[in-house]
Amino acid sequence: MAMRPFENLTALESLVQWLRLTSSTLIVALGLVATVGPLTSPNTLRMAQFDTRPADITQGLFQVLKHAVEVFGSTDANNGVGLTTSEIYILTAYTEGQIQNIPQFITLNIYGRCDVSFKTRTEDPGGTEVQVRNSTIAESCHRAGPDYIFDYRSVLSQLGLDIVLDYAYDKDGASTVLMSSSYNEYMSNLRNQKRNMLSLLYAVICLEACILVMTFWYYIIKGRFINPFKERFLMHSISFLSFTVFICSLTSIITLTCINYKLRNRIRNELQAFGFSYSMGNSWITCIWFMAVFVIISTLVWSGLEWCISDSQDYRDGSQNNILSYQPGVFMDQSELEAPHDSREQDLYHTDSISNTINTLRRSPEEGSDFAEEMELQDLALYSSEDSELMMQRTVKPSSTMQF
């Protein structure tokens, strides 16, 4: 029974079956990796990474302050006295001391973020103290849910980088930056989009799992019944589900990718000068786009093959065209019921004529062979013509799915 779906298939049918089963299996597997994997391996399956190295931030802040003094000179804020190079060094040194405890980078996954820091330790080999930098890695993960969006301004404020917010957005304070209505509306729109697209991705995984089960059922019943209605109905149902998965999965994957690229471009425009960077997570992005490739393959070998390539055949047998399998007299009117009686009367008439001819030949064998041969040929020709039509109507034709 387990090998029944793989029996009685030609080489081409086996290839199509292999493509269908393999693509569906990989879609489900890759979908689970992209949605369930970040719960167990948030750093490995990251959507993006936000770099917050203290050395880069200090250098970036120094360059921004130096450029501001060189271009704009003194301002009303410092009573007409511009900052000297020494004062800029003192300010950046103070900032560096304040940000030593921030993480080296932040990994972002679909459910939250992880702060990754490198710790230093002191060793005393042979009575001499040696400080080993970046010897251990410390992780602190925060899980928020499917609607999590990286609110980078709030994160900078939490890390104690209010000075960066003040200089980056030229506001009176960090609280004013965080209360910006346009920024909050932008984050809210991204949050709603991400939540909806993840729900759509969950639905895609469930639908593809149903397609995988229905594919095995289709190959179990394929070509094993005289009435192919169940086979054709199942084939069209799978093709429709495959096309639905194609639309939903591409919508979800493209939208999630665009959300990441929008955040990356916005952070680059606002914070790149201060030493921050935002990069995409290669593992997670590769996973969902491989999933999109197999979705396209699955749609081609189901919807494309069955709806666009297969030849449609006309089933003249009433038992095949009658998809409801109703009995005559239940869903048929009186005019439709008269046709079978007429055909039976014609069959009885031809049978009687043949019997009368045979009896006539038996009673008068001496009356000459011309008349007997003429009657026999006439009746046989009439019988043969009617019999050929019956044989054409009773021919069992193969399935309309072009053997796929």
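A brief look at the structure comes next.

**Description of a nonpolar patch on the surface**
On the surface, Phe240, Phe243, Ile247 and Trp307 cluster together into a nonpolar patch covering about 420 Å² of accessible area. Structurally, phenylalanine 243 can be placed in helix α8 (residues 229–271).

**Examining the side chain of threonine 52**
Examined against the element boundaries, threonine 52 turns out to sit in the loop between β1 (48–51) and α2 (54–72). Polar contacts involving the side chain of threonine 52 include one to the main-chain carbonyl oxygen of proline 103, which spans 2.6 Å. Residue contacts for threonine 52: discarding those within four places in its chain leaves Ile57, Ile102, Pro103, Gln104, Phe105 and Phe276.

**Structural notes on the environment of tryptophan 217**
Along the chain, the position of tryptophan 217 falls in helix α7 (residues 181–221). By relative accessible area, tryptophan 217 is classed as partly exposed at 44%. In sequence terms tryptophan 217 and arginine 4 are 213 residues apart; their C-alpha atoms lie 10.0 Å from each other.

**Comments concerning the packing of α7 against α8**
Packing of α7 against α8 brings their axes to within 8 Å, and their N-to-C directions diverge by 155°. By the angle between their axes, α7 is roughly antiparallel relative to α8. Note on packing geometry: the crossing formed by α7 with α8 is left-handed. Looking at the contact of α7 with α8 residue by residue, the class counts come to 24 nonpolar, nine polar and six charged.

**Details of the packing of aromatic side chains**
Inspection of the entire model under this criterion finds eight aromatic pairs. Measuring from centroid to centroid gives 5.1 Å for tyrosine 218 and tyrosine 219, while their planes differ by 80°, and the two rings are edge-to-face. Their ring planes at 75° and their centres at 5.6 Å tell us that tyrosine 218 and tryptophan 302 sit as a pair that is edge-to-face. Taken as a pair, tyrosine 218 in helix α7 and tryptophan 302 in helix α9 (residues 282–309) lie far apart in primary sequence, 84 residues in all. Residue tyrosine 218 is classed as buried on the basis of its relative accessible area of 0%. The class for tryptophan 302 is buried, based on a relative accessible area of 0%. An aromatic cluster is defined as three or more aromatic residues linked by ring pairs; in this entry it consists of Phe50, Phe150, Phe276 and Tyr278. Sitting over the ring of tyrosine 183, arginine 153 keeps its end group 4.2 Å from the ring centre. The lysine or arginine in question, arginine 266, covers the ring of tyrosine 186, its NZ or CZ lying 4.3 Å from the ring centre.

About the cut-offs
- Residues numbered from 1 in each chain as written.
- Predicted model: local features only at pLDDT ≥ 70, side-chain atom pairs only at ≥ 80, totals over all residues.
- Heavy atoms only, no water.
- Patch = residues over 30% accessible without salt bridge, like charges linked within 9 Å, V, L, I, M, F, W, Y side chains within 5 Å.
- Areas by Shrake-Rupley, 256 points an atom, 1.4 Å probe, with all protein chains shown as cover.
- Salt bridge = Lys/Arg side-chain N within 4 Å of Asp/Glu carboxyl O.
- Helix = DSSP H or I, 4+ residues; strand = E, 2+ residues; numbered from the N terminus.
- Polar contact = N/O pair within 3.5 Å; in protein donor to acceptor, adjacent residues only side chain to side chain.
- Contact = heavy atoms within 4.5 Å.
- Buried < 20%, exposed > 50% of the residue type's maximum accessible area, 1.4 Å probe, protein only.
- Axes fitted to C-alpha atoms, helices over the stretch in contact; angles between N-to-C directions.
- Parallel < 35°, antiparallel > 145°, perpendicular 65-115°, else oblique.
- Left-handed = near helix turned anticlockwise from the far one by under 90°.
- Nonpolar A, V, L, I, M, F, W, Y, C, P; charged D, E, K, R; others polar.
- Phe/Tyr/Trp six-rings, centres within 6.5 Å; stacked < 30°, edge-to-face > 60°.
- Lys NZ or Arg CZ within 6 Å of the ring centre and 35° of its normal.

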